[in-house]
Amino acid sequence: MTRATSLPDSVRIAPAPLAGTVHVTGDKSIGHRCLLIGALAGSPVAVSGLPPSADVAATAAALRSLGVQVDLASEDDGRVGGLVTGPIASDAGGSAVGIDCGNSGTTLRLLAGLAAGAGRHVVLDGDASLRRRPVDRITAPLAAMGVRTVAREERLPPLEVLPGAVRDVVWSSPVASAQVKSAVLLAAVAGGVTATVRSPHASRDHTERMLRHGGITVTTTSDADAQEIVTVTPGRFSVDALHAPRDPSAAAFWHVAAACGSGTVLTPGLVLNPGRTGALDVLRAMGADVAIDGERTVGGEPIGDVRVSPGRLTGAEVSGELVVRCLDELPILAVAGALSDDGLVVSDAAELRVKESDRISVLTATLGELGILVEEAPDGFRVPGGQRPGPGHVDAQGDHRIAMTAAVAASLGSGSVTIGGFGTVGSSYPQFLADLESLGGRWEVTDG
């Protein structure tokens, strides 16, 4: 598995109806966890279904630098699998291990917790985009566990995690964040302590499901204020195999293309974890025809085959708990809002400003270049309905989801769109252009 996946830096996408069946990439969130949590086992763990993305490759490389044996290769379907043999090597008292997390915030945040629990001295760094993403949300709970950290300007990478023993913690997180929650849970499991994380409301629970699958006791409850309360107690993680189903966040691009277009798209084998189906719920509410068949459970995760067909789209409002369930999909849902009758209003989504880019600002600028009005707000945006993307030239500004959003907008629009910085899509969905073409899309490499 290579660290980087090559995609052209500048592409031109032409309008074209999209329809057919597409087997999207493996789920990135679960793929990271297959590697990180697999390293907790005392024997080799077979992993499968991982996306061949630069982000997951960064996690594999990071674990290798900490003494975990990670042997991965391409599978027949283009995804990645192999063996993970942990645990993380004990600290021999040497200097800190420098780890390049690339563009992957998941790698940095979850590995900070895992390394802290293992008592390792690490310095977690990444590219220019990752260096702009704050880490204080994880350093605060780690400090409550007795972990000392050092960050640039007290909140930005590089993040140094100093060695030491972790202690029991009850942490009240100011935000509902699966990455914050996972960092604490992994630190607790690796360090053999008890941890409780209270969040304003539920966030995706892939970490909890995978830990339970390996025999760790994890309880999830809620209080009278609907806060999510997750507690993990010490135990031995033991599992033979971990699998990453296909990524609903990747499929959302094709779901929106189908809902707003003229053809049906089938995406088999998707994760249907309730924390990940928010985009489908929004499309249903807008009037798209969404059907799910073949529901089953694999490794503790519900999966199924999702079919989306066109419908007369009205509008929708997305706020509160629903934002957490579709945060990554909000840029592409903005395109659905523009093509709907009544538009899309998003609030309670200030987290978008600390992603790979300030996604509220960059989305507003990107769709604006295509003639789509987006009204920016501090914690979200409004997209009036009755709009259609036009031709133009946009810059993804280092954000893979903005690049793919522009590509789908171009396919649904009235003229060709040139997208600069498209190579960043390799961090999450390196076969995006191949899948676009398989559905009838039209693209070509340009000089920018």
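Structure: see above.
What comes next is a walk through the structure. (Residues numbered from 1 in each chain as written. Predicted model: local features only at pLDDT ≥ 70, side-chain atom pairs only at ≥ 80, totals over all residues. Heavy atoms only, no water.)

1. Considering the overall build of the protein
Okay, so step 1: Broken down by element type, the protein carries 13 helices and 24 strands.
Okay, so step 2: Here the C-alpha radius of gyration of the protein, 21 Å, is about what a compact globule of 448 residues would show, namely 22 Å.
Okay, so step 3: If you line up the protein on its principal axes, its C-alpha atoms span 60 × 45 × 45 Å.
Okay, so step 4: The buried share among the 448 residues of the protein stands at 59%.
Okay, so step 5: Counting every atom, the protein has about 15400 Å² of accessible surface; 49% of that belongs to carbon and sulfur.
Okay, so step 6: When the 36 positive and 49 negative side-chain charges of the protein are each reduced to one mean point, those points stand 2 Å apart. (Helix = DSSP H or I, 4+ residues; strand = E, 2+ residues; numbered from the N terminus. Rg over C-alpha atoms; globule rule 2.2 N^0.38 Å. Buried < 20%, exposed > 50% of the residue type's maximum accessible area, 1.4 Å probe, protein only. Areas by Shrake-Rupley, 256 points an atom, 1.4 Å probe, with all protein chains shown as cover. Lys, Arg positive; Asp, Glu negative; His and termini not counted. Charge placed at Lys NZ, Arg CZ, Asp CG, Glu CD.)

2. Some words on the nonpolar core
Okay, so step 1: With 75 residues, the main nonpolar core has Trp254, Leu330, Phe381, Ile419, Phe422 and Phe432 as its most contacted residues.
Okay, so step 2: No other element matches the 10 residues that helix α7 (residues 248-260) contributes to this core.
Okay, so step 3: Counting 68 residues, the second largest nonpolar core, distinct from the first, contains Ala41, Ala60, Ile88 and Trp171. (Core = buried A, V, L, I, M, F, W, Y, C linked by side-chain atoms within 4.5 Å.)

3. So, the side chain of Ser29
Okay, so step 1: Within the element layout of this structure, Ser29 appears in helix α1 (residues 28-38).
Okay, so step 2: Ser29 sits in the buried class, given a relative accessible area of 13%.
Okay, so step 3: Polar side-chain contacts of Ser29 include one of 2.7 Å to the side chain of Arg204.
Okay, so step 4: Not counting chain neighbours up to four residues away, the residues in contact with Ser29 comprise Arg204, His206 and Arg276. (Polar contact = N/O pair within 3.5 Å; in protein donor to acceptor, adjacent residues only side chain to side chain. Contact = heavy atoms within 4.5 Å.)

4. A short note on the packing of helix α5 (residues 178-191) against helix α6 (residues 206-213)
The geometry of a pair of packed helices is captured by two quantities: the angle between their axes and the separation between those axes.
Okay, so step 1: Following both chains from N to C, one finds α5 and α6 inclined at 25°, their axes separated by 9 Å at the closest point. Considering their axes alone, α5 and α6 lie roughly parallel with respect to each other. Side by side, α5 and α6 meet where Lys181, Ser182, Leu185, Leu186 and Val189 of the first sit next to Thr207, Glu208 and Leu211 of the second.
Okay, so step 2: Residue composition of the contact of α5 with α6, by class: four nonpolar, two polar and two charged. (Axes fitted to C-alpha atoms, helices over the stretch in contact; angles between N-to-C directions. Parallel < 35°, antiparallel > 145°, perpendicular 65-115°, else oblique. Nonpolar A, V, L, I, M, F, W, Y, C, P; charged D, E, K, R; others polar.)

5. A short note on the sheet that holds strand β7 (residues 122-125)
Okay, so step 1: Taken together, four strands build an open sheet; the order of strands is β6-β7-β9-β8 and the sheet is mixed. One side of each edge strand has no neighbouring strand; the edge strands of this open sheet are β6 (97-100) and β8 (149-152). Here the average twist between neighbouring strands, direction ignored, is 20°.
Okay, so step 2: The pairing of β8 with strand β9 (residues 156-161) spans four bridges and is classified as antiparallel. Along β9, the bridge assignment pairs Arg152 with Leu156.
Okay, so step 3: Running over the sheet, helix α3 (residues 105-117) touches β6, β7 and β9 and is turned about 15° from β9. (Pairing = 2+ DSSP bridges.)

6. Examining the packing of aromatic side chains
Okay, so step 1: Taken as a whole and assessed by the stated rule, the structure comprises five aromatic pairs.
Okay, so step 2: Ring centres of Trp254 and Tyr429 lie 6.4 Å apart, and the angle between their planes is 80°; this geometry places the pair in the edge-to-face category. Residue Trp254 is found in helix α7, and its partner Tyr429 is found in the loop between β23 (417-420) and α13 (432-438); the two are separated by 175 residues along the sequence.
Okay, so step 3: Using a relative accessible area of 0% as the deciding quantity, one classes Trp254 as buried. (Phe/Tyr/Trp six-rings, centres within 6.5 Å; stacked < 30°, edge-to-face > 60°.)

7. A look at the pairing of β9
Okay, so step 1: Pairing geometry for β7 and β9, over three bridges, is antiparallel. Following the sheet pairing, Leu124 is matched in β9 by Leu159.
Okay, so step 2: What sits between β8 and β9 in their antiparallel hairpin is a turn of three residues, with Glu153 showing a positive phi close to 55°.

8. So, α1
An α-helical turn contains 3.6 residues, so a residue and the one three or four places further along point in the same direction.
Okay, so step 1: Within α1, 11 of the 11 residues are buried, leaving the element largely enclosed by the surrounding structure.
Okay, so step 2: Among the residues of α1, Lys28, Ser29, Ile30, Gly31, His32, Arg33, Cys34, Leu35, Leu36, Ile37 and Gly38 are the ones counted as buried.
Okay, so step 3: For α1, the capping residue at the N-terminal end is Asp27, with a side-chain oxygen 3.2 Å from the backbone nitrogen of Ser29.

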